[in-house]
Amino acid sequence: MNDVQAGRTYLPSNRDSFLLTLSLFVLPNCFLFAGYFQLFPPAGWVDPGMYLGYFLDLPGKIREFGPNYHAMRLPFTGVGYILHLIFSGDVANYARIILFNTLALVSIYALVFPRHGFWAAILTAWWLALNPLWIAAIARTYADGPAIAYMLCALACWVNRDFVPRRGVAAWLSGFLGAVAVFCHQVSLLILGGAAVAATLAYGATWRQFLQDSAWATAGGLTAAVLLGGMSLMLGGNLLFFLSDTNAITRSFAGFGANYQLPLLDWLRGAYRLLAAFMVGILGLGVLYAKGAHHSRTLIFGLAQLTATGLLFFVWDFGVGGAMTQSIFYSSYFLLGETLLVAGLFGLTLPNTKGANSWAILLSFAGLFALASTIILAAPRLWQLLEALPGARIPWAIVALIFGLSLVFLYWKQRSGFVAVLVGATVLCGALDQTARSLFLRKGALNNKATYRTTLLVHSTLRTSVPGDRKLLFWYDRDELSALEMQRATPALYTLRFGDIHYELNLWDSVSALWQWDRGSLGWDMPNIPDWGRSNLHFAGKPVSIVMFCIQKSRCSLAQNRLREMGYVTQERLRTTIVGGGYFPFRMVVFDVKQPPSLDTSGNS
């Protein structure tokens, strides 16, 4: 914040810059890399594999597969692509996580500081940084964490336009950044639209101001849309990214997402992330009732935001037909409203100061770091206790009471106790959440870094061994690797439900996802070839090379012989063994294939 003295404007001092760097960059990322978390997506999760494919070669993948819905999320895929151009291997992945983590924390500070002071701003940022659910959102190579970071940045500009010399510029920036979030995930449009109205009502702007600011925000949004749309057009896409795959939008509104729904009680009892959102909302509502609306407009804003997000998900899941609330990546959008509520709670509790000394910052973070670490290290034992209990009522009641304990500290005016309990209860919910458990590094479990490195190894091997003008089709028997994975204490598998079918996806699915998974596959039950696999082969439109994975050498030989019996001519290009850290070694066989004359639709060989 600038100081004005004797008609001159002074920038923040070097000391202030040091404290902010320490508070918002160094300390939070120390926790991120403390060794508790899986900072790479789990094996078998297809969408992160698709995004990794775009990160490694965005223009090439768009040329090969077209400008689809996932590819044209340029604020996500474009950033990932640039980072992989600058850095290599693990570093590029870490750089992306640090970037969006820091962007979110700086945005929270900018959002909270003008109204509530240094400590409320810093502790709200730390509340998010220590939250396992937030770490999961940015570490699993999915678009929702980055979208939330962009939305926080947009809200910081919108909410604080009263505190800057040029109100219109702040509104324009909020619209620009809001459009960036929308191009990351279109659900941001609904969430940010409601947030803009809620903020205006909460902070008391006139409707005339709201309309003027909305005009500036619309101009900013259109500017970002033109810039991003122009980039999309240059890459062969449409002006708006979601128009690149209108079938996906049509299917969504037709209730296609219901195919992914699990029975309600199967997932709800372990969804402690929803309990955290509910309890933070209850705390905010209770404090707002006790203190009065005029004491914290931020609480009103947060409650409106959290409620609107909940209603949106409820209508979508139970009205249209979807699986947003049960999915940890979609339910991470509750963090936006939760963050605003925590900011309002801390703003009412903590002194409104403009800074602090470095020792106070270090000691405060050390205490919260130790608290969060203790909970995370105790999580495996807590999971065992939960499995032993017959239902979810007792553990949910205990966690709710812990949240309620924070009100006791608030009543006693014990600020440190209030902050500690609220942060601790939030971390506890993240640690207990059933879906989030795969985020944590566990004894006997495979480090997801091995998935990433093995995937990159296969990718680099194929790039150097197969000409770029050939289409790759992957062929494997998924069950062969999944059966071996089941021998581990914690199998490296990802369960996907579609309709009445449950798929146990594994590393081979992660690798083929770099080439669009089903669009780049010959089949997952080798040596059998499904109809859709035959279509991928017959209508490739270019020369085809088949990539086979197998544990037993005989399986690959049997599959290749099956193709020859069907009249295909094969010519082997590569045979090697892939050895990844912790993975079972598997064979990769690559051969060019020529279709029988009766089926050749391309004339290529």
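Scroll up for the structure.
Residues numbered from 1 in each chain as written. Predicted model: local features only at pLDDT ≥ 70, side-chain atom pairs only at ≥ 80, totals over all residues. Heavy atoms only, no water.

Asker: Tell me about the overall build of the chain, and name the residues and values.
Answerer: Looking only at helices and strands, the chain features 24 helices and 9 strands. Across its three principal axes, the chain shows a C-alpha extent of roughly 85 × 55 × 50 Å. Relative to its 605 residues, the chain shows a buried fraction of 55%. Sequence-distant contacts, at least 24 apart, represent 78% of the contacts inside the chain between residues at least 6 apart. Total accessible area on the chain stands at roughly 25,800 Å², and carbon and sulfur atoms take up 62% of it. Computed over 44 positive and 30 negative side-chain charges, the inter-centroid distance for the chain is 8 Å. (Helix = DSSP H or I, 4+ residues; strand = E, 2+ residues; numbered from the N terminus. Buried < 20%, exposed > 50% of the residue type's maximum accessible area, 1.4 Å probe, protein only. Contact = heavy atoms within 4.5 Å. Areas by Shrake-Rupley, 256 points an atom, 1.4 Å probe, with all protein chains shown as cover. Lys, Arg positive; Asp, Glu negative; His and termini not counted. Charge placed at Lys NZ, Arg CZ, Asp CG, Glu CD.)

Asker: Describe the state of the cysteines, naming the residues involved and giving the relevant values.
Answerer: Summed over the entire model, instances satisfying the criterion amount to 1 disulfide. Disulfide partner of C550: C556, at an S-S distance of 1.9 Å. Negative torsions about the S-S bond denote left-handed disulfides, and the value of about -115° found for C550 with C556 makes this one left-handed. A single burial state applies to C550 and to C556, both of which are buried. Between C157, a free cysteine, and C153, which holds the nearest cysteine sulfur, the sulfur-to-sulfur gap is 5.4 Å. (Disulfide = S-S within 2.5 Å.)

Asker: Help me get a handle on the environment of F33, residues and values and all.
Answerer: One can find F33 in the loop between α1 (14–32) and α2 (46–65). F33 sits 65 residues away from I98 along the chain, and the two C-alpha atoms are 9.9 Å apart. When neighbours within four sequence positions are excluded, F33 is seen to be in contact with L39, Y94 and I98.

Asker: Which residues make up the packing of aromatic side chains, and what are the values?
Answerer: In the structure shown here, the tally under the stated rule is 40 aromatic pairs. Aromatic pair F100 and Y150: ring centres 5.7 Å apart, planes at 85°, arrangement edge-to-face. One end of the pair, F100, is in helix α4 (residues 90–116); the other, Y150, is in helix α7 (residues 144–159), and 50 residues separate them in sequence. The pair formed by F100 and Y150 is uniform in burial state, with each residue classed as buried. Relative to F586, the ring of F549 has its centre 5.3 Å away and its plane inclined at 75°; by these criteria the two rings are edge-to-face. (Phe/Tyr/Trp six-rings, centres within 6.5 Å; stacked < 30°, edge-to-face > 60°.)

Asker: Just give me the short version of the environment of G257, but keep the residues and values in it.
Answerer: Tracing the backbone shows G257 in the loop between α11 (246–253) and α12 (264–268). Given a relative accessible area of 19%, G257 falls into the buried group. As for G257 and F498, which are separated by 241 residues in sequence, their C-alpha atoms are 9.1 Å apart. With sequence-adjacent residues up to four places away left out, G257 is seen in contact with G321, G322 and A323.

Asker: Quick one: what's the story with the packing of helix α18 (residues 393–411) against helix α19 (residues 415–432), residue by residue and with numbers?
Answerer: The N-to-C vectors of α18 and α19 enclose an angle of 170°; their axes lie 8 Å apart at closest approach. Judged by the angle between their axes, α18 and α19 are roughly antiparallel. Contacts between α18 and α19 involve V399, I402, F403, L405, S406, F409 and L410 on the former and, on the latter, G417, F418, V421, L422, A425, T426, L428, C429 and L432. Classifying every residue of the contact of α18 with α19 gives 13 nonpolar, 3 polar and no charged. (Axes fitted to C-alpha atoms, helices over the stretch in contact; angles between N-to-C directions. Parallel < 35°, antiparallel > 145°, perpendicular 65-115°, else oblique. Nonpolar A, V, L, I, M, F, W, Y, C, P; charged D, E, K, R; others polar.)

Asker: Describe a nonpolar patch on the surface, and please don't skip the residues or the numbers.
Answerer: A cluster of nonpolar side chains, namely I82, L85, I86, F87 and V91, defines an oily patch on the protein surface of about 470 Å² accessible area. Tallying contributions element by element places helix α3 (residues 74–86) first for the nonpolar patch, with 3 residues. Examined against the element boundaries, F87 turns out to sit in the loop between α3 and α4. Residue F87 is classed as partly exposed on the basis of its relative accessible area of 33%. (Patch = residues over 30% accessible without salt bridge, like charges linked within 9 Å, V, L, I, M, F, W, Y side chains within 5 Å. Salt bridge = Lys/Arg side-chain N within 4 Å of Asp/Glu carboxyl O.)

Asker: Account for the pattern of salt bridges, with residues named and values stated.
Answerer: Tallying each qualifying case throughout the model produces 13 salt bridges. The partner of E480 in a salt bridge is R555, and the shortest N-O contact between them spans 3.3 Å. With E480 in helix α21 (residues 478–485) and R555 in helix α24 (residues 553–565), the pair connects residues that are 75 residues apart, well separated along the chain. Classification of E480 as buried rests on a relative accessible area of 9%. Of the residues examined, R555 reaches a relative accessible area of 32% and is grouped as partly exposed. Among the ionic contacts, a cluster of salt bridges with common partners joins R161, D162, R167 and D213.

Asker: Residues and numbers for the sheet that holds strand β7 (residues 544–550), please.
Answerer: Judged by pairing direction, the sheet is mixed, and its 5 strands sit side by side in the order β6-β3-β7-β9-β8 without closing on themselves. The open sheet has two edge strands, β6 (521–523) and β8 (569–578), and neither has a second partner. Going across the sheet, the axis of each strand differs from the next one's by a mean of 25°, ignoring polarity. Bridge count between β7 and strand β9 (residues 586–594): 7 bridges; the pairing is antiparallel. When the bridges of β9 are listed, V547 appears paired with V590. Across the sheet, helix α23 (residues 531–538) touches β3 (471–476), β6, β7 and β9, and the angle it forms with β6 is around 140°. Each of β3, β7, β8 and β9 touches α24; the most contacted strand, β7, lies at about 150° to it. (Pairing = 2+ DSSP bridges.)

Asker: How would you summarise unusual backbone geometry if you had to cite specific residues and measurements?
Answerer: In this structure, P527 follows M526 across a cis peptide bond, with omega equal to 15°. Even without being a glycine, T141 presents a positive backbone phi close to 55°. Its location among the elements puts T141 in the loop between α6 (132–139) and α7.

Asker: Could you give an account of the nonpolar core, naming the residues involved and the relevant values?
Answerer: If you look at the biggest cluster of nonpolar residues, it comprises 179 residues, and the most contacted ones within it are F301, F403, L462 and F549. Residue contributions to this core peak at 11 residues, all from helix α5 (residues 118–129). When sequence neighbours within four positions are dropped, the list of residues in contact with L462 reads L472, F474, W515, V547, M588 and V590. One finds A540, V544, C550 and L563 within the second-largest nonpolar core, a separate group that totals 18 residues. (Core = buried A, V, L, I, M, F, W, Y, C linked by side-chain atoms within 4.5 Å.)

Asker: Can you lay out the pairing of β7 for me, pointing to particular residues and giving the numbers?
Answerer: Burial of β7 is extensive: 7 of the 7 residues sit out of reach of the surface. Alternating positions in β7 separate into two faces, V544, I546, M548 and C550 on one and S545, V547 and F549 on the other, with burial throughout.

Asker: So what's going on with α24? Which residues, and what values?
Answerer: Between its first and last C-alpha atoms α24 spans 19 Å; for 13 residues at 1.5 Å apiece the expected length is 18 Å, and the two agree. Every buried residue of α24 is listed here: C556, A559, Q560 and L563. Each buried residue of α24 sits inside an arc of 95° when the element is viewed along its axis, so together they form one side. Buried residues along α24 sit against β3, β7, β8 and β9. (Expected span 1.5 Å × (residues − 1). Arc of directions from axis to C-beta.)

Asker: Let's hear about the environment of L574: which residues, and what values?
Answerer: With respect to the element layout, L574 can be found in strand β8. Each C-alpha atom of the pair L574 and V589 lies 5.7 Å from the other, and the pair is 15 residues apart in sequence.

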